[in-house]
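For reference, the chains in residue letters:
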There are 2 protein chains.
Amino acid sequence: MLNRVRSAVAHLVSSGGAPPPRPKSPDLSNAPSAQPAVPPEAPRSPPARAGSGSSAPAKTVEARASFSRPTFLQLSPGGLRRADDHAGRAVQSPPDTGRRLPWSTGYAEVINAGKSRHNEDQACCEVVYVEGRRSVSGVPREPSRGQGLCFYYWGLFDGHAGGGAAEMASRLLHCHIREQLKDLSCWSSQKEVTHESLVVGAIENAFQFMDEQMARERHGHQVEGGCCALVVVYLLGKVYVANAGDSRAIIVRNGEIIPMSREFTPETERQRLQLLGFLKPELLGGEFTHLEFPRRIQPKELGQRMLYRDQNMTGWAYKKIELEDLRFPLVCGEGKKARVMATIGVTRGLGDHNLKVCSSTLPIKPFLSCFPEVRVYDLTQYEHCPDDVLVLGTDGLWDVTSDCEVAATVDRVLSAYEPNDPSRYTALAQALVLGARGTPRDRGWRLPNNKLGSGDDISVFVIPLGGPGSYS
Amino acid sequence: MLNRVRSAVAHLVSSGGAPPPRPKSPDLSNAPSAQPAVPPEAPRSPPARAGSGSSAPAKTVEARASFSRPTFLQLSPGGLRRADDHAGRAVQSPPDTGRRLPWSTGYAEVINAGKSRHNEDQACCEVVYVEGRRSVSGVPREPSRGQGLCFYYWGLFDGHAGGGAAEMASRLLHCHIREQLKDLSCWSSQKEVTHESLVVGAIENAFQFMDEQMARERHGHQVEGGCCALVVVYLLGKVYVANAGDSRAIIVRNGEIIPMSREFTPETERQRLQLLGFLKPELLGGEFTHLEFPRRIQPKELGQRMLYRDQNMTGWAYKKIELEDLRFPLVCGEGKKARVMATIGVTRGLGDHNLKVCSSTLPIKPFLSCFPEVRVYDLTQYEHCPDDVLVLGTDGLWDVTSDCEVAATVDRVLSAYEPNDPSRYTALAQALVLGARGTPRDRGWRLPNNKLGSGDDISVFVIPLGGPGSYS
């Protein structure tokens, strides 16, 4: 793996890649933006959507909000306008002519079909240098500059109720991870504390610090709404996939699918949410019940027997309906319509500090977790071929594409390219985005089978695990 | 499966099996015991072990406590004394000559090597008839007596700090399950509520009601200590395995191992325990910290940086040591030595209502969950052969025997018997218990590889999934 890392770094440096941002302030609030500035002619940010409960005056928000796409797309002002066109929904990828992303990573994105004013997804791909806090002992190091180490970083951020949180996270989360990883240099082997568990802890805490920074700056100009975050860190032979939200990562290896994340929604996190409502009933504000029922209960049903589930149960049982059971359930709805407090459909992510229950002052943030689940994949345990890839996608991809369909597309597209052609991963990312978007017809965007395509923002990274980094 | 159920029921009935107990009282407190009465010469119950915090006078506890072994062992007073002999540790199984357990289930047990006065494991195996609450619509039914249905039931209970809770659970838990399953008759298909999820909910609630009954009767004569509970219910083609504690169930099918439970210990439940301590700090009584550290912190380390994990983290990170961090950690120790509040090594089970932190009045019960995790296995989805078995064991088995070693013993023992010989499953259970106990040598009980055998109580059920029920 050392060779792969070195060649990728060399590639980046030789192609004129700027060093990653290195803010001096510990709270990172002054970190330079990796995004292009708002072009004067760019459309203005939409007001936060219903339920965001932002208390900042609308005018101020609009005046300061930015619309941007990832730097690596190298969009001109005209290109930015085309990327922002809901009617055309042109697929965007980094240009063939520019510098290539690390590891020849493929990327493609498309804006939604009109559900929000701008594309609320954001993405980031960086090589990040970590300066040690002090002298290092016992920790192996890869392409070194001085006493530090480097990690590779990919991030997808799916914003909601505005694009500010996703934009901020795409600009700063890797800086928080870098800050946390400085502690690696203090590490010396201790009972049950492995190097891997320190990297996991660093990523977990970086998510928390990112969220806290958003809380501090939420009255400022950019932190409207919230975002899901799906992040990959490559360090010292291991791939760390951290997910907070409903994006998804899978590895396709020799045709086999290896899930690298799970989604956090009101359905998958029902018991965590119910437990919190049970232990801290004040968070329910007298408006909600922590119990779940198969349907809304009518007042006339008081005293009757009804099926329910509480925080301890995976099955259903009967109880006698009491007055409190008539409140609205904390968790309700199924599938994409499942909601916490009738408001939000994802239960982990960054931001949402101003999110309130509709027509209420009850905050929803206490039920949302900013902590990711981190899965680790050891790249050195398997001899990867150029067709083995890690695919990251926002829910726009996965809403209409199964893991198996993605694996089939991986096979179909990559086999049409030479193994050492670095453009094959971009072609694959584009094929995945196109396959989820579909084509415009009379009644919306349609897939070849005439089912509805995704009307959501769609963003995809394809990271080769044994690709051109080793071959080109 | 209908054939299997009918033939097993017929077998039980023809061999003189008594109908399962059917208490009339809704709270089951008057249910008749399925265990033999204490013989006058039986040794007396030990005082509760350190940390049990029982407030009942010792004399009263001893006078009323019972020592018993499962009814189906059909032990004479002399046999009961031999089963209670720590020096001989004779393996006990139901006699060849008596009635066979349902499904020709195999069972074997052995007492500990002296860690407690009596064998604190208990077991139960029953066919239970459920009378419907009212007329049934839409629910298929198996061997019917009137308007009800039957389920098959196996339970293993591993007691601690006394044998009372395990004894009570082995006598009553299936009655609570029967009571809960009466609601099945009210079921008509509702959105997202399956028949399976109702059985799961019934089992979950039965565990809770069992625990509540122990709480009500804890000042009485028998409910000393607590117990792990591992329970199997077979109903309408499906096997439900419910586990609360550190016992384990695996299916060995065509040589393949299918885990049917997971263990609940301070290590596997660390985050649940820490979350509770964080949200309800009053439960820590100012004596414990919810944070985990790799080692105990010294007062002189105040202000220094130390690795820690909180309720949100799976990895480790650094924090500055504060005064609160000097408290004893809520969760500490590794492996079999892991403890909650320095006291107990299992985090789910029944009872323990009087359990206090050593030399303190701080109750531990709030951190213990009585809810099982229920896994479902559909027996009809696979054509089972007579060598496919479900193995249940208390931790005495699993502490010294891996899943693979159990699978190898399954293969070795069953291949030595004719497929239609119903005694093969008892022979297998005995081989598993013997293999975990070892033989007495100079320095304790030893396995053939000279490692220490298990000094704990060991109890094993072997349930054939395609066995003599279909063949004999």
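It should be noted that the structure appears before, not after, this text.
I will try to describe carefully the structure that is included in this document. (Residues numbered from 1 in each chain as written. Chains lettered and ligands numbered in written order. Predicted model: local features only at pLDDT ≥ 70, side-chain atom pairs only at ≥ 80, totals over all residues. Heavy atoms only, no water.)

## Some words on the side chain of D456(B)
Put simply, the rule reads: Helix and strand definitions follow DSSP, with helices as H or I runs of at least four residues and strands as E runs of at least two, each counted in order from the N terminus. Should any heavy atoms of two residues lie within 4.5 Å, those residues are considered in contact.
Relative to the assigned elements, D456(B) resides in the loop between strand 18 (444-446) and strand 19 (458-464). Sequence-distant contacts of D456(B), that is, excluding residues within four places in its chain, are made with R89(B), I111(B), N112(B), K115(B), D395(B) and G396(B).

## Quick look at the packing of helix 8 (residues 403-414) of chain A against helix 9 (residues 424-437) of chain A
All names here are of chain A. Quick reminder of the rule: Every axis in this analysis is a line fitted to C-alpha atoms, fitted for helices over the stretch in contact. Angles between the N-to-C directions lie between 0 and 180 degrees. Here is the rule for angles: anything less than 35 degrees is roughly parallel, anything more than 145 is roughly antiparallel, 65 through 115 is roughly perpendicular, and the remaining ranges are oblique. Note: crossing handedness is left-handed where the near helix turns anticlockwise from the far helix by less than a right angle, and right-handed where it turns clockwise. Asp, Glu, Lys and Arg are counted as charged, while Ala, Val, Leu, Ile, Met, Phe, Trp, Tyr, Cys and Pro are counted as nonpolar; the rest, among them Gly, fall into the polar class.
Where helix 8 meets helix 9, the closest approach of the two axes is 9 Å, and the angle between their N-to-C directions is 140 degrees. In this view, helix 8 runs oblique relative to helix 9, as classed from their interaxial angle. As helix 8 packs across helix 9, the resulting crossing turns out to be right-handed. Residues V406, T409, V410, V413 and L414 of helix 8 touch helix 9, and the partners they reach there are R424, Y425, A427, L428, A431 and L432. Class assignment for the residues of the contact of helix 8 with helix 9 results in nine nonpolar, one polar and one charged.

## Points about the sheet that holds strand 19 (residues 458-464) of chain A
Residue and element names in this part refer to chain A. As a reminder of what qualifies: Pairing between two strands requires that DSSP report at least two bridges joining them.
Across the sheet, which stays open at both edges, the five strands sit in the order 1-19-16-6-7 with antiparallel pairing between neighbours. Of all strands in the sheet, those bounded by a partner on one side alone are strand 1 (106-110) and strand 7 (256-259). Ignoring strand direction, the axes of neighbouring strands in this sheet form an average angle of 20 degrees. For strand 6 (residues 248-253) and strand 16 (residues 389-393), the ladder comprises five bridges, and the chain directions are antiparallel. Residue pairing across strands places I251 opposite L390, the latter belonging to strand 16. Contacting strand 6, strand 7 and strand 16, helix 8 runs over the sheet at an angle of about 50 degrees to strand 6.

## Comments concerning the environment of R339(A)
Residue and element names in this part refer to chain A. To be explicit about the condition: Each residue is placed in one exposure class: buried if its accessible area under a 1.4 Å probe, protein chains only, is under 20% of its type's maximum, exposed if it is over 50%, and partly exposed if it falls in between. For this analysis, a polar contact is any N or O atom pair within 3.5 Å, provided that within protein one partner can donate a hydrogen and the other can accept it, and provided that sequence-adjacent residues contribute only side-chain to side-chain pairs.
Structurally, R339 is set in strand 13 (residues 339-340). The class for R339 is partly exposed, based on a relative accessible area of 28%. R339 has contacts with P266, L330, V331, C332, I344 and G345, leaving out every residue within four places of it along the chain. Engagement of the side chain of R339 in a polar contact is seen with the backbone oxygen of K336, the distance being 3.2 Å.

## Structural notes on helix 8 (residues 403-414) of chain B
All names here are of chain B. The condition that has to hold: In this analysis, the expected span of each helix is defined as 1.5 Å times one less than the number of residues it contains. Note: the arc covers the axis-to-C-beta directions of the helix.
For helix 8, built from 12 residues, the straight-helix expectation of 16 Å at 1.5 Å per residue is met to within 8% by its first-to-last C-alpha distance of 16 Å. Those residues of helix 8 that sit buried are D403, V406, A407, T409, V410, V413 and L414. Taken end-on, helix 8 shows its buried residues confined to a sector of 160 degrees, consistent with a single buried face. The exposed residues of helix 8 that point more than 90 degrees off its buried face are C404, D411 and R412. Looking at the buried residues of helix 8, the elements they touch are strand 6 (248-253), strand 7 (256-259), strand 16 (389-393), helix 7 (395-398) and helix 9 (424-437).

## Focus: the relation of the copies chain A and chain B
Under the convention used in this document: Copies are brought into register by a least-squares superposition over C-alpha atoms of residues with pLDDT of at least 70 in both.
Superposing chain A onto chain B takes a rotation of 180 degrees combined with a translation of 0.0 Å along the rotation axis, leaving an RMSD of 0.0 Å. Look at the turn and shift together and you get a two-fold axis relating the two. No C-alpha of chain A approaches the rotation axis more nearly than that of L279(A), which lies at 3.6 Å. Same-surface contact between copies: 100% of interface residues of chain A are shared with the interface of chain B.

## So, the pairing of strand 4 (residues 226-235) of chain A
Residues and elements named next belong to chain A. Counted residue by residue, strand 4 has 10 buried out of 10 residues, so it is predominantly covered. Residues G226, C228, L230, V232 and Y234 line one face of strand 4 and the alternating positions C227, A229, V231, V233 and L235 line the opposite face, and both faces are buried. Here strand 3 (residues 149-160) runs beside strand 4; their pairing, made up of nine bridges, is antiparallel. Within the sheet, the bridge partner assigned to H160 lies in strand 4 and is G226. The pairing of strand 4 with strand 14 (residues 350-351) spans two bridges and is classified as antiparallel. Bridging from a neighbouring strand, C227 pairs with L350 of strand 14. Of the strand pairs in this sheet, strand 4 and strand 5 (residues 238-244) are connected by seven bridges, and their pairing is antiparallel. Its bridge partner being in strand 5, V233 is matched across the sheet by Y240.

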